[in-house]
Structure formats: C-alpha cells, structure tokens
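For reference, the chains in residue letters:
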Amino acid sequence: MGGTEGPSDGHETETLMGSQTKTVDVGGVLLHLSTPDTTEQGWIGQDVVLGQLLACWLVVDPKDLPLSPRLTGPPGIGKTTLAMAAARLRKQPLYINQCTADTRPEDLIVSPVLAESGKIAYHASPLVSAMLTGGVCVLDEGNRMNEKSWASLAPLLDHRRYVESVVAGIAIPAHPDFRACVTMNEDESTYEVPDYILSRLQPTLTLGFPSRDDEMEILKYHLPLRQGRAARPDRRVPQEAHSLKLDFSPRDGIHLLRFAIKRMAQDPKHPLSRDEAWREALLCVLGEEAADLEELARRKRRAMGGQHAPMGLGDLFFTPGGPAPPRCR
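We now turn to the structure provided with this report. Just so we're clear, the structure is a prediction, and the values are computed from it rather than from any experiment.

The rules we used
Residues numbered from 1 in each chain as written. Predicted model: local features only at pLDDT ≥ 70, side-chain atom pairs only at ≥ 80, totals over all residues. Heavy atoms only, no water. Salt bridge = Lys/Arg side-chain N within 4 Å of Asp/Glu carboxyl O. Buried < 20%, exposed > 50% of the residue type's maximum accessible area, 1.4 Å probe, protein only. Disulfide = S-S within 2.5 Å. Helix = DSSP H or I, 4+ residues; strand = E, 2+ residues; numbered from the N terminus. Pairing = 2+ DSSP bridges.

### Considerations on the pattern of salt bridges
Alright, step 1. The final tally for this structure, using the stated rule, is five salt bridges.
Alright, step 2. The partner of Glu-141 in a salt bridge is Arg-144, and the shortest N-O contact between them spans 2.4 Å.
Alright, step 3. A relative accessible area of 17% places Arg-144 in the buried class.
Alright, step 4. Because the salt bridges share partners, they merge into one network encompassing Arg-104, Glu-106 and Asp-107.

Next up, the structure:
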C-alpha cells in the first residue's frame with residue numbers, strides 16, 4: 001500500500017475543553033490529531049550529521065522513498081534536538097512520540113477515548129498525526145520499546161508506508177511528505193531492537209560529543225542573558241579540574257551552569273562564594289563522585305588504560321587559556 005495525497009477532508013471540531021482540534025476522516029473513522037511541537041530549537045556544530053539526516057529525507061526520483069534513520073549516541077548529546085532542527089529547516093510540522101517500555105501498539109497508532117457524550121473518540125498518536133499531515137515524527141528513545149510495538153510499525157518503515165489500527169479497524173497511509181527518524185540511547189536500560197526493524201531503520205547516524213568551541217556556543221545559547229550580554233564567571237575555579245577530561249553531555253553542562261548561576265543570583269548578599277557555588281552545582285548535578293574531581297579523573301584514566309577519557313565539560317570549563325564558564329553579575 002503506497003503513500004497517498006494529503007487528506008483533504010480534515011476539518012475543525014470542538015473538543016471537550018472547548019478548544020479547537022483538527023480531525024481527519026480515514027476510512028469512515030474520525031481521528032482527532034495530536035498537536036505538533038512548536039519548540040524553537042537551534043542546532044550548533046556537527047553540520048555533517050545534520051546534512052546526513054537531511055539527505056536521508058530527500059526524494060530524488062518519483063519512485064524513490066525517504067529513509068528513516070536511527071540517531072545514536074549517549075543521553076543528552078542532542079539527538080532529538082538534531083531532528084527538531086532538521087524538521088525546521090524543511091519547514092514541516094514536528095511531532096515527537098516518546099517511547100517507553102510500556103508503549104503499546106495502540107499508543108503508537110490510535111487510542112480510543114471515552115468522550116463526554118459517552119461515545120468513543122479515536123485519537124491519533126503523534127506518529128499517525130505526522131503521517132496524515134505530512135509532518136516529521138521523531139520516535140524518541142526507540143530502543144526502550146518492546147518488540148510487539150515495533151512489529152506494528154514494520155509496514156510503515158518499508159515501501160508500504162502505512163500502519164493498521166486494530167482498535168479503529170482501519171489502515172492509515174502515510175502522506176508523501178511524511179518523514180521519520182528514531183533516536184536511540186547507548187545505555188543499559190534498553191531493549192534489543194529486532195533485526196527486521198533495524199534493517200528498516202537505516203542508515204545509523206552517530207552523534208559525538210561537540211568540540212570545546214561548539215559546546216561553549218551551546219551553553220551560551222541556553223543560558224540566560226543579562227542586559228544583552230551573557231554573564232561570565234569568575235576564573236577562580238578548582239585547580240584540580242584543569243586536567244579533567246570527562247564525557248559529560250551538553251545537557252549536563254547546561255544544568256550545571258544554570259544551577260550555579262541561580263544559586264549565585266538567589267541572594268547577592270548571601271555568603272555563598274562563587275567557588276562554593278560551582279562545587280555545589282557539581283555535586284548536585286554530576287553526583288558525589290564529582291566532588292573530588294582529581295580522583296574521578298584518575299579513575300577514568302585507569303579505566304581506559306591510562307588514556308584520557310573523551311573531552312567533556314571539565315575540559316571545556318577549566319582548561320587553562322580556554323573560555324571561562326558564565327557567571328551572574
């Protein structure tokens with residue numbers, strides 16, 4: 001079953017809360033569509049992987065079909081942000097389907113909901129909403145999902161490009177402009193994705209840790225501004241962290257800096273010094289082991305046979321001569 005032209009019979013209908021939601025008739029069943037994500041999200045650095053993702057979604061011939069790649073990397077590295085930025089560049093609505101161990105096939109396709117009138121209303125998932133509107137869907141943390149749920153998506157991820165809803169009793173074709181990708185974390189709290197699904201989720205695009213300059217730009221992008229200028233920190237930081245190289249993610253850095261800035265701005269007359277604020281942020285965000293940065297660095301080097309761990313936030317914040325982290329003024 002191939003893709004079809006976009007639905008022309010969608011219309012506006014009143015929801016239980018009195019707001020307006022879009023509905024689409026598919027095979028005589030009225031589907032209530034999800035709302036697209038409207039988060040403004042930029043992308044900094046790693047232009048190659050952004051170009052690779054956009055290439056996956058190109059169609060170069062009338063008989064060609066887009067690819068549905070998987071984006072891999074550690075948690076917090078920016079996989080979802082990458083997909084959001086690509087959707088924005090393509091000027092397509094973005095839908096995010098969060099995958100968990102409890103995700104059921106109907107959660108991915110159509111869910112029945114008891115309406116106020118006592119009738120059953122059928123609500124399309126973000127994935128199906130993207131299929132019907134010609135949007136982009138990110139299946140976020142897909143390898144946390146079980147095989148039964150993946151099996152329901154098999155016909156969507158190959159040349160057939162449709163899904164079947166057992167609940168609603170309909171087959172739902174994807175709009176020609178529909179695009180998808182799957183993010184997958186590299187950690188132990190995940191399932192093995194079946195090979196017949198992995199063969200459909202190609203190619204694999206891997207995100208690495210950003211360079212020091214890119215990571216500083218990411219932090220500046222996310223940190224609050226004061227009077228049009230990014231706040232800059234005191235360079236009085238723990239000297240033992242100068243040689244630290246830890247694979248903390250950009251998300252860790254954003255949380256660490258934001259918390260430290262908030263603590264220093266909380267009460268300008270508070271005796272909490274800047275050095276103490278940084279140590280407190282390290283402890284609260286990165287854990288107790290980060291309180292002794294030198295010992296943590298030694299353990300990291302021993303675990304890697306004496307080699308340095310990947311460049312991370314320690315290298316970004318504390319390398320002599322490098323950019324200093326922001327501070328509140």
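### A short note on the state of the cysteines
Alright, step 1. All chains considered together, the criterion is met by zero disulfides.
Alright, step 2. Residue Cys-56 stays outside any disulfide, its sulfur separated by 9.1 Å from that of Cys-181, the closest cysteine.
Alright, step 3. Among the cysteines around Cys-181, which has no disulfide bond, Cys-137 carries the closest sulfur, lying 8.1 Å off.
Alright, step 4. By relative accessible area, Cys-181 is classed as buried at 1%.

### A few points about the pairing of strand β4 (residues 70-73)
Alright, step 1. Because side chains alternate across β4, one face comprises the buried residues Arg-70 and Thr-72, and the other comprises Leu-71 and Gly-73, equally buried.
Alright, step 2. Where β4 and strand β11 (residues 179-185) come together, four bridges link them in parallel fashion. Considered in β11, the bridge of Leu-71 is made with Thr-183.
Alright, step 3. Where β4 lies against strand β12 (residues 204-206), three bridges are found, and the strand directions are parallel. The residue of β12 that forms the bridge with Leu-71 is Leu-205.

### Regarding unusual backbone geometry
Alright, step 1. Residue Pro-203 follows Gln-202 across a cis peptide bond; omega there is 0°.
Alright, step 2. Its location among the elements puts Pro-203 in the loop between α6 (195-198) and β12.
Alright, step 3. Positive phi, close to 60°, is recorded for Lys-91, a residue that is not glycine.
Alright, step 4. Locating Lys-91 in the fold gives a position in the loop between α2 (79-89) and β5 (94-98).
Alright, step 5. The phi angle at Glu-141 is positive, at roughly 55°, despite the residue not being glycine.
Alright, step 6. In this fold, Glu-141 is placed in the loop between β8 (136-140) and α5 (147-151).

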